[in-house]
Structures are given as structure tokens and as C-alpha cells.
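Residues per chain, in single letters:
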Amino acid sequence: MKKEKRIYIDKIKKGPVFLQGWVHELRDLAKVKFILLRDVKGIVQCVVKNKKLFKKFSDLTLETVISIKGQSKTASVKSPEVTNHKIEIEVKNIELINKAEQLPILVVEKDKTIKTDLSKRLDWRSLDLRKKKINAIFLIQSEIIRAFREFFSKQEFIEIQTPCIIASASEGGTELFPVQYFEKKAFLAQSPQLYKQLIAISLEKVFCTVPVWRAEKHNTTRHLNESRQMDIEVAFADDFDVMKYLEDCVQFIISNIIKNCKRELAILDVKLKLPKSKYFSYDESIKILKKNKIKIDYGEDLAANEKRFCEMFPNTLIFIHSFPNNMKPFYIWPKDGKISAGFDVLYGGIEISSGGQRIHIPEILIQRLKENKLNPKNFKHYIDAFRYGAPYHSGWSIGLERFTMALLGLDNIREGCMFPRDRDRLTP
Ligand code: AMO
């Protein structure tokens, strides 16, 4: 028997159709019944006029999964949403695939005053992902990663894979999750940092997208204990070279979202524009903040003032470079005794990225490890790799969930993560 070809709702053409999806809404008008059928691409109204199908219709519940064979009288329209009834499918047959029980959370929240709280939504995340707005966030996130890959692949970067189980810290010693690795103690990687460097000093231009784990105890709207990073590392490049890559890459990602995610942006009511860029040294940044009557001293972290800083320069990638050495990790190149080649990037009220030029000279690396109270013996493999011809190199990392949050104006980073891991949440 020939298997019917299922099509997405946005691909409906005039004539016979075979659709599969979820029951989004049911309307029973005695002589005629309506099923609003939803798939990941949209919603379409299906009319049941044939009395023989009324029994099947009466068995349906919200979110039940069904197949529908029917006839479309109209060709596809651009945006098959419930609000426009331009497409209508006359139902010839309904097949029940899996009947849904009473729903723990509603997929369609009709009354705007009823909003399921985030924690309950995350308890039922699989259902939550079916909501138009939630679904739109992750379709856009998928486009972010796709465009990131395309941008660097086109420029002859190599996509690399780094280990997730590591023996020593890279971003400071206190935020590691320990794992028992046979008879040894190991950790979950906080960053692909040391490994992407070891690869770049041989393969030159590399990028990766990886999960990272940080055992930070605080529970904030900007931190996750498991997040994903989009990283690059480039040999024969300094901090300013890679900041330019970041500027161009973010522009490329946003222009692709504007082009390819029109429906999702409309659902979320987000109007994206290509951002401008501004470059300030750390020193200049402190002066700007002070000038705007913000109490801050040289040497203080900017985290508490990121939002204010971004409000001063709307829709701008703010590059803050030349941080003091003691404010950056041990692997960042010290330009002199005080200033480093490390930078942060702010956008949409938060830090979306940090990076810098790295140390490629073993003796300087050892000195910086000691200054950071880290034992060079624990970094032997890393340090030794720079003894056999290592070019200077630089790179950065964009936090995927942070970037999603900044781009779409989400008020909690958990909204930009499918299954967040935080201090209290390990399931689902
Ligand atoms: P950093 O520690 O700044 O730098 O991390 C890079 C980016 O990752 C995101 N990020 C987080 N997102 C959610 N929850 C967290 N707990 C969290 N921590 C960080 C942020 C941040 O800017 N190895 C360096 C990068 C480099 O130099 O290449 C690093 O990991 O968006």
C-alpha cells in the first residue's frame, strides 16, 4: 500500500491533503464541527460535515494527536494562523494516534490574565514548547546556531569538538562540578577554553558549539548551571581582530533572523534591527558611567551596571576592551603590567560574550598561573603545548541562552533554555 505523504500546514495546496498534528481547539456547532489542527508550522481549520465522523470527533480532546485526510479548497496562504480562515480543510477521515489526558497546563491560554508561572511551565516543558510563543523562541534559537555555523564555515573555519570531562579548571577554581572518573577525580568542563587554544595553535581558525557546566550557587535570572557556548579561536589574530569577527558574526546572525524568522518575530512582537557597535576601554567605560552619576570605582566589576550602560547606547554591541589584568582569567595576554588584552561584550542589557588575546609564551603563562594562585603542575599538558611553535591567538565565546535572552528581550534566561539546570532544577 502506498504510504501517504504528510505535509506541514504551511505547505498546503489546493486538492487532497494528508496532515498530522495536535488538536489545538474544538468547536461543536451541532450540524458541523471544527477541529483546529496544529503542527510546528501553524494552525489550520478543518471542517467535519460528514455525520459518519461525528463519533470520532466526540472522542477528541485538546492536544490529542491525529491524522487528517481531507480536501483543501484554497491554495496555501503565507501565514496559516487561526485568525485568518483563508484555508479550510474539508475532513474526509480522522485517525486517532494518541489521545491526550486532562492537561496539566494549557497550551492555549485564552484569558491573558491567566498565566501559568514559569516553574510549573518548566515542570511540563514538553507541553510548554507547543505554545506559539515558546515554540517561536526556539525556532529563532535554532536559526542563531545555524547562522553562526554558516558564518564561520564560509570563512574556512573548522568546526571542532572538545572534551566535556576535564582534569583542571579554566575559568577559576570554585565553579566546578566534580565527577568520579574511575579512580581519578575529574570535572565537567566550564568552557572549551584550553582545548580550543590547543587546537587553534595547530589548525588556525576554529569554532565550536558546546555545553558547559558551572557550579555557581546563586540563582539569578541571568545564570544557568548548564549553558551552551558558541566559541571561536583564531591563530595569528589579536583581541581587536576577533572583536571584528564578533561584530560581523552578530550582524550576520541578526540579518538571517530578520530574513528567515518573520513569522516567529511577529508572534513574539519583536522588531529586530541590525545593531551598531561601540568600542570603549575599561578605563573609558568607568569614566562614562561616572559621568552618568553611577557610583563605581576603577577595578570594580561592571555586572551591576550592564543594564544602565546598555540603556545609554540602545541597540548597540558595546565592546569593553583593555580590562585590568587582575579582572581577567590567567590565560589572557597581559599587554603590560596592568592592562590585559581581554574584553567583554554587552548587548540588550547583559554581557553576551567575553574573549581576548591569549598567552602563547610558556614562561608568561606560568607567571600568570602563579599570580592567580593556581599550580602550574596541574596545567603541564597545556603549558607544554606552547613550547613547540605556538602562534599568538585570540578568541571569544557567546553564551547562547544569554544571546537569545538579549535578542528577544526575555526577562529570564530560563525562557531561552529548553530544559534549564539551576540550583533547584534537575528534572525534567
Ligand atoms: P565567560 O565565562 O565570560 O568566558 O563565558 C562566556 C559567555 O558565556 C555566557 N555565560 C553564561 N550563561 C549562562 N549562565 C552562566 N552561568 C554563564 N556564564 C557565562 C555569557 C558569557 O559572556 N573562556 C571564556 C571565553 C573566551 O575567552 O573565549 C569564557 O568562558 O554570555
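This text follows the structure it describes.
Caption draft 1: Seen up close, the site of the ligand. Around the ligand sit 24 residues in total, of which Gln193, Lys196, Arg214, Glu351 and Ser354 are the nearest. The separation between a nitrogen atom of the ligand and a polar side-chain atom of Ser191 is 3.2 Å. Between the ligand and Arg214 there is a distance of 2.7 Å, counted from an oxygen atom to a side-chain nitrogen or oxygen. For the ligand, whose free accessible area comes to 620 Å², the fraction covered by protein is 93%. Counting residues per element, the ones that place at least two in the shell around the ligand are helix H5 (193-203), strand E11 (226-235), strand E15 (350-357) and strand E16 (393-399). Of all the elements, E15 adds the most residues to the shell around the ligand, at five residues.

Caption draft 2: Summary view of the packing of helix H4 (residues 132-153) against helix H12 (residues 400-408). Running from amino to carboxyl end, H4 crosses H12 at an angle of 120°, the nearest separation of the two axes being 11 Å. Classified by the angle their axes make, H4 and H12 are oblique. In this structure, H4 crosses over H12, and the sense of that crossing is right-handed. For the pair formed by H4 and H12, the contact residues are Ile137, Ile140, Gln141, Ile144 and Ile145 on the first element and Leu400, Glu401, Phe403, Thr404, Leu407 and Leu408 on the second. Broken down by class, the residue content of the contact of H4 with H12 amounts to eight nonpolar, two polar and one charged.

Reading the values: the criteria
Each chain has its residues counted from 1, running along the sequence as written. With pLDDT at 70 or above as the cut-off, local features in this predicted model cover only qualifying residues; side-chain atom pairs require 80 or more to be listed or tallied, and sums for whole chains, interfaces and linings still use all residues. Values shown for side chains rest on all heavy atoms present in the structure; no hydrogens or waters enter the calculation. If a single non-hydrogen atom of a residue is within 4 Å of a molecule or strand, that residue counts as near it. Residues adjacent in sequence count toward polar contacts only when both atoms are side-chain atoms; beyond that, a polar contact is any pair of N or O atoms within 3.5 Å, and within protein one must be able to donate a hydrogen and the other to accept it. Only the protein chains shown count as cover for residues, and all accessible areas are computed by the Shrake-Rupley method using a 1.4 Å probe. Each helix corresponds to a stretch of at least 4 residues labelled H or I by DSSP, and each strand to a stretch of at least 2 residues labelled E; elements are numbered beginning at the N terminus. Here an angle of 0 to 180 degrees is reported between the N-to-C directions of two axes, which are lines fitted to C-alpha atoms, with helices fitted over the stretch in contact. Note on terminology: angles under 35 degrees are roughly parallel, angles over 145 are roughly antiparallel, angles of 65 to 115 are roughly perpendicular, and the others are oblique. Crossings are assigned a handedness: left-handed for a near helix turned anticlockwise from the far helix by less than a right angle, right-handed for a clockwise turn. Any two residues having at least one pair of non-hydrogen atoms within 4.5 Å are treated as being in contact. Gly is put with the polar residues, along with every residue not named as nonpolar or charged; the nonpolar set is Ala, Val, Leu, Ile, Met, Phe, Trp, Tyr, Cys and Pro, and the charged set is Asp, Glu, Lys and Arg.

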